[in-house]
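# Reading the structure
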Amino acid sequence: PNPAGGVMAFKAGGNLNANLAKQTLAAHLNGKLDQSTIDAKFGLAKFTPPAYNFDVSIDQIDVDRYNEKKPDAGGATGKPAQATPAAEQPIDLSALKDLNANGSVKIGSLKAANIRASNVRIDIRAAGGKLEVSPLNANLYQGSLAGAVTVAATNPPRFAVRQNLTGVSIGPLLKDAIGKEPIEGRGSIQLDVTTQGAVVSAMKKALDGTAKFDLRDGAVSGVNIAKAIRTAKVKLGGASEGQQAGTSSTEEKTDFSELTGSFRINNGVAHNDDLSAKSPLLRVGGQGDINLVSETLDYTVKATVVSTLQGQGGPELQAMKGLTVPVRLSGPFTAIAWKVDLAGLATQVVKQKIDERKDEVKGKAVEKLQDKLKGLFGK
């Protein structure tokens, strides 16, 4: 039986060779586990203490199938059980302390945590209470993943992750992983982080490292920056101070042709100060913090309206060409609030008009000077 309460169909054959004098053992096994075809070689380099080696090939496997939980029948009354917050379970790595193993796993098609990957290659080394997975390579979501994971059975346990995702479609990946698509686009993500902790909440608080992204032709969901600026411009006619504000919506999004940036992560808070996004309507920069512990955002986006094709963005954006508008984003990930400072925007509009007037006056002064010079030299 599997942990989910079902029954696994396992059928295999193979051979086993043991040399008791040299304390070695070698086994070759091939067969079927449910829908998976497995070819595996296992061995012992010595019996005491045991030193394992292995080489496993699997054509396809759905790990989630063995993790599915049976639905709660509601007890004798048939009523659904009331949901209560579950206490965090400590991470138990005691099995690593005496494990000595070396081997590789190759999987043709894998589904785990609802994420789908292919051509998976994992090399594993375990010794002295430390587990190293390197390389950890796979193809996924039109791109590839390459990296490593290290786990140490210390007190508290320590973890390190280095991953490079290249050419990956981020939207479908996030949709399968977390059920939402806060960011769409295709490109690369680099992650190099460490943490420690006996429970997940402690690991979030201890998260340190760096992250970098470079995406193309996508969108950020929740807020339509161009729409927020356009609406704020309309409101300038009836208000010269205050704020234009709103809350994120799954119906809204900001498209981009390029999106790049990097994060420095310290104690679970990711700080960014080099955001750069481009679209036909806007050039966007930004800086701020993403708190992974409290799952909140405190970020300021500075959007500059660029020259647009006739009709794109509406006359409001056309009239704001060249203006840089700060948009404050804050709040929990599930309901991010945005605010545009109308007073600051009004000041920029006035300054733009003054600058235009200066250029006009300067141009007329130059024309008058040229006329005088012509009269003086007779040309």
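Given the structure is predicted, the values throughout are model-derived calculations rather than measurements. (Residues numbered from 1 in each chain as written. Predicted model: local features only at pLDDT ≥ 70, side-chain atom pairs only at ≥ 80, totals over all residues. Heavy atoms only, no water.)

A count of helical and extended segments in the chain gives five helices and 18 strands. Out of the 379 residues belonging to the chain, those deemed buried represent 31%. Sequence separation of at least 24 residues holds for 51% of the intrachain contacts in the chain that already meet a minimum separation of 6. (Helix = DSSP H or I, 4+ residues; strand = E, 2+ residues; numbered from the N terminus. Buried < 20%, exposed > 50% of the residue type's maximum accessible area, 1.4 Å probe, protein only. Contact = heavy atoms within 4.5 Å.)

Here we take up the pairing of strand E14 (residues 269-278). Bridge count for E14 against strand E15 (residues 282-291) is eight bridges, and the pairing is antiparallel. The partner of Lys-278 across the bridge, within E15, is Arg-283. (Pairing = 2+ DSSP bridges.)

Moving on: the side chain of Ser-104. Inspection of the secondary structure assignment puts Ser-104 in strand E5 (residues 101-112). For Ser-104, a relative accessible area of 9% puts it in the buried group. A polar contact is formed between the side chain of Ser-104 and the side chain of Asp-55, at a distance of 3.3 Å. Other than its neighbours up to four places away in sequence, Ser-104 contacts Phe-54, Asp-55, Val-56, Arg-121, Ile-122 and Asp-123. (Polar contact = N/O pair within 3.5 Å; in protein donor to acceptor, adjacent residues only side chain to side chain.)

Within the secondary structure layout, Asp-39 lies in strand E3 (residues 36-46). For Asp-39, a relative accessible area of 31% corresponds to the partly exposed category. Taking the C-alpha atoms as reference points, Asp-39 and Ile-58, 19 residues apart in sequence, are found 6.6 Å from one another. If sequence neighbours within four positions are ignored, Asp-39 has contacts with His-28, Leu-29, Asn-30, Asp-55, Val-56 and Ser-57. At 3.3 Å, the side chain of Asp-39 and the side chain of His-28 are in polar contact.

By volume, the second largest pocket is sized at about 160 Å³. Elements with a contribution of two residues or more to the lining of the second largest pocket: helix H3 (225-235) and strand E13 (249-266). If you tally residues by element for the lining of the second largest pocket, the top one is E13, at three residues. Across the lining of the second largest pocket, the residue classes tally to four nonpolar, three polar and three charged. (1 Å grid on protein atoms, 1.4 Å probe; cavity = no way out; pocket = protein on both sides within 12 Å on 5 of 7 lines; lining within 4 Å. Points joined across faces, edges and corners; volume = space filled by probe spheres on them. Nonpolar A, V, L, I, M, F, W, Y, C, P; charged D, E, K, R; others polar.)

We now examine the nonpolar core. Counting 57 residues, the largest nonpolar core has Leu-282 and Leu-329 as the members making the most contacts within it. For Leu-282, the residues in contact, after removing those within four places along its chain, are Ile-225, Ala-226, Ile-229, Ala-277, Ala-303, Thr-304, Val-305 and Val-306. Counting six residues, the second largest nonpolar core, distinct from the first, contains Leu-93, Val-151, Ala-153 and Phe-159. (Core = buried A, V, L, I, M, F, W, Y, C linked by side-chain atoms within 4.5 Å.)

This part is about the packing of aromatic side chains. Considering all chains together, one arrives at one aromatic pair under this definition. Aromatic pair Phe-213 and Phe-263: ring centres 5.9 Å apart, planes at 35°, arrangement tilted. Residue Phe-213 is located in strand E11 (residues 208-222), and its partner Phe-263 is located in strand E13; the two are separated by 50 residues in the primary sequence. For Phe-263, a relative accessible area of 17% corresponds to the buried category. (Phe/Tyr/Trp six-rings, centres within 6.5 Å; stacked < 30°, edge-to-face > 60°.)

Another point: unusual backbone geometry. For the peptide bond that leads from Thr-48 to Pro-49, omega is -15°, which places it in the cis range. With respect to the element layout, Pro-49 can be found in the loop between E3 and strand E4 (51-62). Residue Pro-135 is reached from Ser-134 by a cis peptide bond, and omega for that bond is 0°. Its identity is not glycine, yet Asp-34 carries a phi of approximately 55°, on the positive side. By the element assignment, Asp-34 lies in the loop between strand E2 (24-33) and E3. Although it is not a glycine, Tyr-141 sits at a positive phi angle of roughly 50°. Checked against the element boundaries, Tyr-141 lands in the loop between strand E7 (130-140) and strand E8 (143-152). On the basis of relative accessibility, which here comes to 13%, the residue Tyr-141 falls in the buried class.

Next up on the list: the confidence of the model for the chain. Considering every residue of the chain, the mean pLDDT works out to 83; 75% of them sit at 70 or more. Within the model, pLDDT remains below 50 along residues 73-80, and this stretch shows three contacts once partners closer than five positions in the same chain are excluded. (pLDDT = per-residue confidence, 0-100.)

Glancing now at the pattern of salt bridges. As enumerated under the stated definition, the model contains 13 salt bridges in all. Close ionic contact of Asp-64 with Lys-111 constitutes a salt bridge, the shortest N to O distance being 3.0 Å. Pair noted here: Asp-64 is in the loop between E4 and E5 and Lys-111 is in strand E5, with a separation of 47 residues, a long-range link. Overall, Asp-64 belongs to the buried group, its relative accessible area being 14%. Between Lys-204 and Glu-295 there is a salt bridge, with its nearest N and O atoms 3.5 Å apart. Within this pair, whereas Lys-204 is found in helix H2 (residues 200-205), its partner Glu-295 is found in the loop between E15 and strand E16 (296-305), the two being separated by 91 residues in sequence. (Salt bridge = Lys/Arg side-chain N within 4 Å of Asp/Glu carboxyl O.)

Moving on to a nonpolar patch on the surface. On the surface, Phe-10, Leu-29 and Phe-42 cluster together into a nonpolar patch covering about 290 Å² of accessible area. Along the chain, Phe-42 falls in strand E3. Phe-42 gets classed as partly exposed once you look at its relative accessible area, which sits at 40%. (Patch = residues over 30% accessible without salt bridge, like charges linked within 9 Å, V, L, I, M, F, W, Y side chains within 5 Å. Areas by Shrake-Rupley, 256 points an atom, 1.4 Å probe, with all protein chains shown as cover.)

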